[in-house]
Amino acid sequence: MAVCIAVIAKENYPLYIRSVPTQNELKFHYTVHTSLDVVEEKISAVGKSGDQRELYLGLLYPTEDYKVYGYVTNSKVKFVIVVDSSNTSLRDNEIRSMFRKLHNSFTDVMCNPFHNPGDPIQSKAFDGIVSGMMVQNA
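- As annotated in an unreviewed UniProt entry, the protein carries the name Trafficking protein particle complex subunit 2-like protein and comes from Periophthalmus magnuspinnatus.
- UniProt lists a comment for the protein under the heading Subcellular location (unreviewed entry), and it reads "Cytoplasm, Perinuclear region".
- Its UniProt record, at the heading Sequence similarities (unreviewed entry), says of the protein: "Belongs to the TRAPP small subunits family. Sedlin subfamily."

Quick look at the structure:
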């Protein structure tokens, strides 16, 4: 499963970042922020081709230890999931399913009348969904 899950606002600041194990948190922050350049490239490439319905961006880039996947909502909020490269059993449709679940939970957070859009996400329900997607052995 995932070792890092991040939600990045339209203006490219983090709304939520969670990583396992926590001692690599700074490394994952760096990985997520460097992936934003690839996300922007893919968004602009999709914009030129005309098909804006596909929200899943696929594999953004692999590193020696991790694979970074991206997803963009219609409101340009970006989701980034970092997966351990040693996990070869994880298929593309499972990653899509994780993003769909994350997007649905994010929508629930945004529908909360007490949440101000643009504020960091502090929802326990959202945190629970993310915890379920994270690697359990840490």
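Considering the pairing of strand β1 (residues 2-8)
Phase 1 of the analysis: In terms of burial, β1 is a largely internal element, seven of the seven residues being buried.
Phase 2 of the analysis: Where β1 meets strand β5 (residues 78-84), six bridges bridge the pair, whose relative direction is antiparallel. Bridged to alanine 6 within β5 is valine 80.
Phase 3 of the analysis: Pairing of β1 with strand β2 (residues 14-19) involves five bridges; the strand directions are antiparallel. Directly across from isoleucine 5, in β2, lies its bridge partner arginine 18.

Some points on helix α3 (residues 124-133)
Phase 1 of the analysis: Taken together, the buried positions of α3 are occupied by Phe126, Val130 and Met133. All buried residues of α3 fall inside an arc of 55° around its axis, so they share one side. Counted as exposed and oriented over 90 degrees from the buried face of α3: Lys124, Ala125 and Gly132.
Phase 2 of the analysis: In the core, the buried residues of α3 are packed alongside β1, β2 and α2 (92-110).
Phase 3 of the analysis: One side-chain oxygen at the N-terminal end of α3 lies 3.3 Å from the backbone nitrogen of alanine 125; it belongs to serine 123.

Thoughts on the packing of aromatic side chains
Each pair of aromatic rings is reported with the distance of its centres and the angle of its planes.
Phase 1 of the analysis: Using the criterion set out here, one finds six aromatic pairs in the structure.
Phase 2 of the analysis: With 5.7 Å between their ring centres and 15° between their planes, tyrosine 71 and phenylalanine 79 make a pair best called stacked. The pair tyrosine 71 / phenylalanine 79 is uniform in exposure class, with both members buried.
Phase 3 of the analysis: Connected via pairs of aromatic rings, a cluster forms that spans Tyr56, Tyr71, Phe79, Phe99 and Phe106.

Observations concerning the side chain of threonine 73
Phase 1 of the analysis: Structurally, threonine 73 can be placed in the loop between β4 (66-72) and β5.
Phase 2 of the analysis: We classify threonine 73 as buried; its relative accessible area is 3%.
Phase 3 of the analysis: Side chain to side chain, threonine 73 and serine 75 meet in a polar contact 3.1 Å long.
Phase 4 of the analysis: Residues within four places of threonine 73 in sequence aside, it is in contact with Leu55, Phe79 and His103.

The rules behind the values
Counting restarts for each chain: residues are numbered from 1 in the order of the written sequence. Only residues with pLDDT of 70 or above have their local features reported here, since the model is predicted, and side-chain atom pairs are shown and tallied only from 80 upward, although totals for entire chains, interfaces and linings are computed over all residues. Heavy atoms throughout the structure, all of them, feed into the side-chain values; hydrogens and water do not. UniProt positions are given in the numbering used here, feature names are shortened, and annotations may be inferred rather than shown by experiment. Between buried and exposed lies partly exposed: a residue is buried under 20% and exposed over 50% of the maximum accessible area for its type, with that area taken using a 1.4 Å probe on protein chains only. By definition, any uninterrupted DSSP run of H or I lasting at least four residues is a helix, any uninterrupted run of E lasting at least two residues is a strand, and each is numbered from the N terminus. One bridge is not enough; two strands pair if DSSP finds at least two bridges between them. Arc definition: directions from the helix axis to the C-beta atoms. The contact rule is simple, with two residues in contact once any of their heavy atoms fall within 4.5 Å. Counted as a polar contact is a pair of N or O atoms within 3.5 Å, where, for protein atoms, one must be capable of donating a hydrogen and the other of accepting one, and residues adjacent in sequence contribute only when both atoms are in side chains. Only Phe, Tyr and Trp rings are paired, with Trp represented by its six-membered ring, and only when their centres lie within 6.5 Å; those with planes under 30 degrees apart are stacked, over 60 edge-to-face, the remainder tilted.

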